[in-house]
Amino acid sequence: MLLPLDERPINARFPRLLAEALGWRLDVPEALLGSRKRPADTAAIVDWMREAAPRAVGAVVALDTLAWGGLIPSRQSGNDLDAALARLDALRELRRAHPHLPLMAFSSIQRISREDDDGEEPDYFRTYGRRIFRRSVLEHRAAEAALAAGEEAELEALRADVPAAVWHDVLAIRARTHAVNRAALDLVAEGSVDALVLNQDDTTTWGLNVQERARLEAEVRGRGLGSRVLVYPGADEVAQVLLARLAGQVHRRRPRFATVYAARRGADVQTAYEDRPLGDLVAVHLRAAGAVLAPPPMAPDAWLAVNAPSRAQGQGGTAYALRHDAQGVLRAETRAWLEDAEAGVRGLDRSLEGFADALATLVADGERVSVADVAHVNGADDDLMAVLEAAGLLPALAGFGGWNTAGNALGSAVALGCLSVLAGGDAERAMALGRAVATRYVDDWLYQARVRSRLLLERDLHPLGLGGTVPAGDLARVEGMAREWLDDEMRARGWPFRLSRLTLPWQRVFEIDLELTRTAGGAPWSRS
């Protein structure tokens, strides 16, 4: 049973494909979930948990949903902390009623949005979002006596610019979600929860959220909970990772991984929405999934192949946008910004062809290989995917992740890699795993890096950007374009899949809800 972070397909639907690869049926209360800022029906969810638990092999629970009604509702003003804390008692009740049920939970260390956008935040972020983010960074730096030249004056100006009532509300919201995270540690300490992830949503190296992370880590150490609690960057991929952890616990097996990087310095790269170098991020994602980095000369069960940038992440869809802007939609400054961001991806220490050669050798030797494509944020590396496709490697990979943040992409790649080890040799499960991997190719590469970029090169859609609301009158047309273009991409490549469903669930182009069906007589798409 899974209580997801919210109703978005990556949280509520994609995990079903992972469960199918294990031969499981995943119970998800989709009808009870909310919609963006509208919270889920938490009372009905507690009832659902009681009803679902007796037939479950284990549970993965998003505390953001149990306590607040979802990730986005947890960020809003005026929430009732006492009611949120009381809802956590449902997990204590679950433990008493089912003492042997494996129970995994996760709870978010709330992000601070970097944009003047209130789509997922309180209304005042539309006006003050960037200033709130910058003040958060500088308040932390000031507390650590780490302000650079000129930053003290900048901080004073921000303190004057951001209204006191707004800043007070920012702190009040954070205090409430921090209190729930501390209460989650109590659930672990008393044995109500077996494993807990406190995931940092869209983080960086400075800010109020980073200070909260440090306080939580200190409490974890002080209470001796380090073997059962992990604190690391992530959000929408955590349910996938914990499903893999649950599967390992059920199968009594801890998958062993080795890593290979596309860039020699890849493990040292600081990614855009995380607080630590990529190599450390890989290690903690593996541990959260119940896996381990195999020390040499131990033979691994699978390989995690990391398409790392040389120095810094670029922007997903850049290659397609720069090559296909025939109408001149991109302004000169936008084009220059994209080209500058892409420069950090490339380097003499990075070779996509050499990376593909290494993967081809591993696959030829019968090794399981899952690719974490983290060279860009918000979409796969179009150049890498072309190289892997030309080498005939895509159907042979055990896993793939290349969406949104580095943490998101890593989580999917790690989870799928673990399932390739744990699912066994059953042909039906191998087909299910292949469908899950193909879904990531279609979403992360064909949609996010190509079709979405093509949509945003349309003159009427370009001003919306990734997060702008598609007008209701245009929604069916835009969804139809996306579906037609995605099917065209798959048809041109001879893939044995077509779309049976595609929608824009939040009425923006940022994410899609899709379902793949296999074409009649389609070629195999699995390692078997």
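Here the structure is shown first, and the text comes after it.
Please read these numbers as outputs of a predicted model, since none were measured by experiment. Each chain has its residues counted from 1, running along the sequence as written. Residues qualify for local features only when their pLDDT is at least 70, as the model is predicted, and side-chain atom pairs are given and counted only at 80 or more; totals for whole chains, interfaces and linings, by contrast, use all residues. No hydrogens and no water enter the side-chain calculation; it runs on all heavy atoms of the structure.

Glancing now at empty space enclosed by the protein. Cavity: a set of points on a 1 Å grid over the protein atoms alone where a 1.4 Å probe fits but cannot get out. Pocket: an open set with protein on both sides within 12 Å along at least five of seven lines, its lining residues, like those of a cavity, having an atom within 4 Å of a point. Grid points are joined across faces, edges and corners, and a volume is the space filled by probe spheres set on the points. Per the stated rule, a full pass over the model turns up 4 cavities of 30 Å³ or more. A volume near 70 Å³ is recorded for the largest cavity. Along its surface, the largest cavity is lined by R75, Q110, R111, I112, E121, P122, Y124, F125, I132, V170, I173 and R174. Counting from the N terminus, the helices are the DSSP runs of H or I reaching at least four residues and the strands are the DSSP runs of E reaching at least two. Secondary structure elements with two or more residues in the lining of the largest cavity: α8 (125-143) and α10 (164-189). We call Asp, Glu, Lys and Arg charged. Ala, Val, Leu, Ile, Met, Phe, Trp, Tyr, Cys and Pro are nonpolar, and the rest, Gly among them, are polar. When grouped by side-chain class, the residues that make up the lining of the largest cavity number 7 nonpolar, 1 polar and 4 charged. Its volume calculated, the second largest cavity comes out at about 60 Å³. As for the second largest cavity, its lining consists of Q315, G316, G317, T318, A319, E342, H376, A380, D381, D382, D383 and A449. Residue classes in the lining of the second largest cavity are distributed as 3 nonpolar, 5 polar and 4 charged.

Right, let's get into the layout of surface pockets. Taken as a whole, the second largest pocket holds about 480 Å³ of empty space. What lines the second largest pocket is a set of 24 residues, and nearest its centre among them are P9, R13, F14, D513 and L514. Counting residues per element, the ones that place at least two in the lining of the second largest pocket are α1 (9-12), α2 (14-21), α19 (427-455) and β14 (513-518). In terms of residue class, the lining of the second largest pocket is made up of 9 nonpolar, 3 polar and 12 charged.

In short, DSSP must find at least two bridges between two strands for them to pair. The sheet built from 5 strands is open, its strands ordered β7-β6-β8-β10-β12 with parallel pairing. Across the chains shown, the open sheet's two edge strands, defined by having one partner strand only, are β7 (292-293) and β12 (399-401). Across 2 bridges, strand β6 (residues 256-261) lies against β7 in parallel orientation. Across the sheet, residue F257 finds its bridge partner in β7, namely L293.

This part is about the pattern of salt bridges. When a carboxyl oxygen of Asp or Glu is within 4 Å of a side-chain nitrogen of Lys or Arg, the pair counts as a salt bridge. Applying the stated criterion to the full structure yields 55 salt bridges. When the shortest N-O distance is used, the salt bridge between E389 and R493 registers 3.2 Å. Of this pair, E389 sits in helix α17 (residues 382-390) while R493 sits in helix α20 (residues 472-493), placing them 104 residues apart in sequence. Residue classification places E389 among the partly exposed residues on the basis of a relative accessible area of 26%. A relative accessible area of 23% places R493 in the partly exposed class. Across the salt bridge formed by R440 and D444, the nearest N and O atoms sit 2.8 Å from each other. When a residue's accessible area, from a 1.4 Å probe over protein chains only, is under 20% of the maximum for its type it is buried; when over 50% it is exposed; and in between it is partly exposed.

Further remarks concern the pairing of strand β4 (residues 195-200). Burial of β4 is extensive: 6 of the 6 residues sit out of reach of the surface. With 6 bridges joining them, strand β3 (residues 103-109) and β4 adopt parallel strand pairing. Across the sheet, residue S107 finds its bridge partner in β4, namely L198. In this structure, β4 lies alongside strand β5 (residues 229-233), joined through 5 bridges in parallel fashion. Across the sheet, residue V197 finds its bridge partner in β5, namely L230. When the strands point away from the viewer and the path from the first strand over the helix to the second turns clockwise, the crossover is right-handed. Taken together, β4, helix α11 (residues 208-222) and β5 constitute a β-α-β crossover, and its handedness is right-handed.

Taken in spatial order, the 5 strands line up as β1-β2-β3-β4-β5 in an open sheet, and their pairing is parallel. Two strands in the sheet have a free side with no partner beyond their single neighbour: β1 (2-3) and β5. Whether two residues are in contact is decided by their heavy atoms, any of which lying within 4.5 Å being enough. Note on geometry: axes are lines fitted to C-alpha atoms, helical ones only across the stretch in contact, with angles between N-to-C directions running from 0 to 180 degrees. Of the strands in this sheet, β3, β4 and β5 touch α10, which is tilted by about 160° from β4.

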